[in-house]
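Coordinate inspection notes
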Amino acid sequence: MNASESVVPTDGLTRRRGLLVPALILLLVFAALPALLAGFDKGYFYQIANLALIFVLLSASMHLVTGVAGLLHLGHAAFYGVGAYTAALLTSKLGLGFTVTLPLSGLMAALVAFLVALPTMRLVSIYFAVATLAIGQMLYLVMLNWVDFTKGPNGIIVSKGFELFGFSLSGRLAAYYTVAAVVTLSVVAIGRLSHSYYGNALRSIREDDQCADAMGVSTVRLKMEAFTLSAFFAGVAGSLWAHMTGYISPGDFKFSESILILAMVVVGGLGSLPGAIIGALLLILLPEGLRALGDFRNIMVGLVMFLSILLLPKGLLGEVSALRLVRRQLGAAWRNTGKGEGIGWR
Amino acid sequence: MKFRLLTLTTLAAAGIAGSAFAADTVKLGYQLPLTGDTAQYGQDFRKAAEIALTEFNAAGKPFKVEIVFEDSRSDAKEGTNIARKFVDDKEIVGVLGDFTSGVSMAAAQVYKEAGMPQLSQTASHPDYTKVSKYQFRNIATQAQEGPYNAKWMAAKGFKNVAVIAEQTDWGQSVVSGFSDAVKANGGTVAFSEFFNRGLKDYRSLISKLERAKPDAIYTGFFYEDGAQFLKQLQQLGIKTPVYSTSAAYSPKLIELAGGAAEGVHLTSNFLPTDPSPNVQHFVDEWKKRSDGAVPGQFPAQAYDAVRIMLAAVEKASPNPTREKVRDALAQTKDFPGVTGKTSFSADREAEKELVKVEVKGGAFVPVAD
């Protein structure tokens, strides 16, 4: 999907096509898929569908920071963890249900993100990436080592499943619809944010932050907002995960999860929301689908990722080339010699 | 989206094809890390399970057993996926695994809901067996091992001890199980700290620890961390005696630490040098499949866990169901395994006999006191 196409519909045909695709997707997510799931009636398929949806949300939320604003974020899983821990602690200590923990998880993750963003958002390129790496690690270590509060490595049992104002939604189909509704609403919100003047302002940071600054765009404020908003949605995903599995521990939110989410955004295509969604589906469904290959499945997944970056440097549906983004992030050490030698390390 | 539909249909087709199976075969599931950071443990468990399974199927029983191995990578996401998959397969009557407590606990939430008996060879989380009546484990808990070691060290005259352990749920239980017993015996814990798994440099921990001047050090680590710690202790010239748990009991500890492992005291319930025929049989089979290497504590626990599960399936036959297998597991009493006799208590904890061991001349030697 081309961004300019959907933002400015030029004639009736495009406008109708612009509605057709979302309508088909909604039909698939809320009618066809649940019908299929109910037809097979396998807990495994429900589980995979829910897990894939949660990672769609994580990937879409990271898309806002990394895809649209072009900031390499290496600590996203930590905000996912803050959301999950908020939900788990509110449930286990105060006995609150999903209806309350869902928004609070998002707000808590956003608050933490805002606080850590205050001193770090003036950083650019590689320094920003390293700062987010450090933030992710710090939050992970807090979950692991603050034993009195988070129970540390013992993790927390979340005794309550999904519910809405006291009505239980813990049946398989009800749980699927809960996850699907929350994820769809969030993705629509992220889509509106990224395909708007606001999104274009974020893109201007990605393309040239100094130029954007000179034109009067408040880059620091925008970065902070994008970072906080993205953490909010990651927190929401965390709440979904906590209530879905019924048990969380710090291991679910370590660095490798951040990298997994980053890989989803990159494989799907940086800057493209459909890309981020497809990337998440690919990296969740592929390893499960390849279970029959035994020990080789990780190699296969790695191969798919490698080939997709090699052959499709913009990802499956990307706006921006991943290589170009990395090159700019590591700008000082990478240059074009201009003598036909190509691009390389200094 | 189309891709996803396609994958789901393919998965479904594979599921249907897999369920066509002969009636006189009973299926078990085993979820374990076959790839990833902890793959070495999972690979050992699979090897041990295959030894136990081959023996069982060769013994001319009225039915055969098949074990479905699934790779969890020690990841809770994959662990719960596998749990759902096992529960969906109506022919699977019992599940073994997972390796880490975190994944075992996450999967246990699924098994609890579905009524599937789950027997882990290693999950040591204090709350694991409390999840539901379907969770069993074949590992001596630190609630048992801690007081045993505290008594042993007190008898040796070590009144003031330091305790360190890895920062995991298991490490937490090592410190609490041991420290409580030391205090109850009138001793003191001079120093207690956790370190993160895979730490490379223990020097700052060691110097802090030595400042507390303990009579002895009690440690909760697995062999990789243990070897690093012991080597650095030796490099710093510290002679304070070191005691450890059965988790460090692996030939690889001595292999990796070399001379630094000399004099380490630890507990175990598996001795490869034990002359009893079932131990020697297991050790021989293991050596055949691992270029002559000797099995450690964990593979032995996995071997016994699989055999306990197989015995329960046999007891529940003919036509074993998940409920019948659970009840048969709960009745396990004095099971003669390679890790000694095992009984499950009313709260599904393994009660095991412990043996005292010291490293002498590059080998584990049983000691009387």
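Residues numbered from 1 in each chain as written. Chains lettered and ligands numbered in written order. Predicted model: local features only at pLDDT ≥ 70, side-chain atom pairs only at ≥ 80, totals over all residues.

**Considerations on the overall build of chain A**
Cut-off, in case you're wondering: Secondary structure follows DSSP: runs of H or I at least 4 residues long count as helices, runs of E at least 2 residues long count as strands, and numbering of each begins at the N terminus. Buried means a residue has 20 or more other C-beta atoms within 10 Å of its own C-beta, exposed means 12 or fewer, and partly exposed covers the counts in between; C-beta atoms are placed from the backbone. Two residues qualify as a contact pair if the distance between their C-beta atoms, derived from the backbone, is within 7 Å.
For chain A, the count of helices and strands is 15 helices and 6 strands. Taking all 346 residues of chain A together, 50% fall into the buried category. A fraction of 75% describes how many contacts in chain A between residues 6 or more apart in sequence connect residues 24 or more apart.

**Topic: helix α3 (residues 76-88) of chain B**
Residue and element names in this part refer to chain B. To be explicit about the condition: One less than the residue count of a helix, multiplied by 1.5 Å, gives the span that helix is expected to have.
The terminal C-alpha atoms of α3 lie 18 Å apart, and with 13 residues this matches the ideal 18 Å at 1.5 Å per residue to within 8%. Burial runs high along α3: 12 of the 13 residues are buried. Of the positions making up α3, those classed as buried are Ala 76, Lys 77, Glu 78, Gly 79, Thr 80, Asn 81, Ile 82, Ala 83, Arg 84, Lys 85, Phe 86 and Val 87.

**Quick word on the environment of Thr 332 of chain B**
All names here are of chain B. Residue placement: Thr 332 occurs in the loop between α12 (322-330) and β11 (335-337). Taking the C-alpha atoms as reference, Thr 332 lies 17 Å from Thr 141; in sequence the two are 191 residues apart. Sequence-distant contacts of Thr 332, defined by excluding residues within four places in its chain, comprise Ile 308, Ala 312, Thr 342, Ser 343 and Phe 344.

**Quick word on the pairing of strand β3 (residues 92-96) of chain B**
Two faces, one strand: in a regular strand the side chains alternate between the faces of the sheet. Residue and element names in this part refer to chain B. Rules: When DSSP locates at least two bridges between a pair of strands, those strands are taken to pair. When the strands point away from the viewer and the connection leading from the first strand across the helix to the second strand turns clockwise, the crossover is called right-handed.
With respect to burial, β3 is a largely interior element, 4 of its 5 residues being buried. One ladder, built from 4 bridges, connects strand β1 (residues 25-32) with β3; its direction is parallel. Opposite Lys 27, over in β3, you have Ile 92 as the bridge partner. In terms of strand pairing, β3 meets strand β4 (residues 118-120) through 2 bridges, oriented parallel. When the sheet's bridge partners are listed, Val 95 is paired in β4 with Gln 118. On the question of chirality, the crossover connecting β3 to the parallel β4 by way of helix α4 (residues 101-114) is right-handed.

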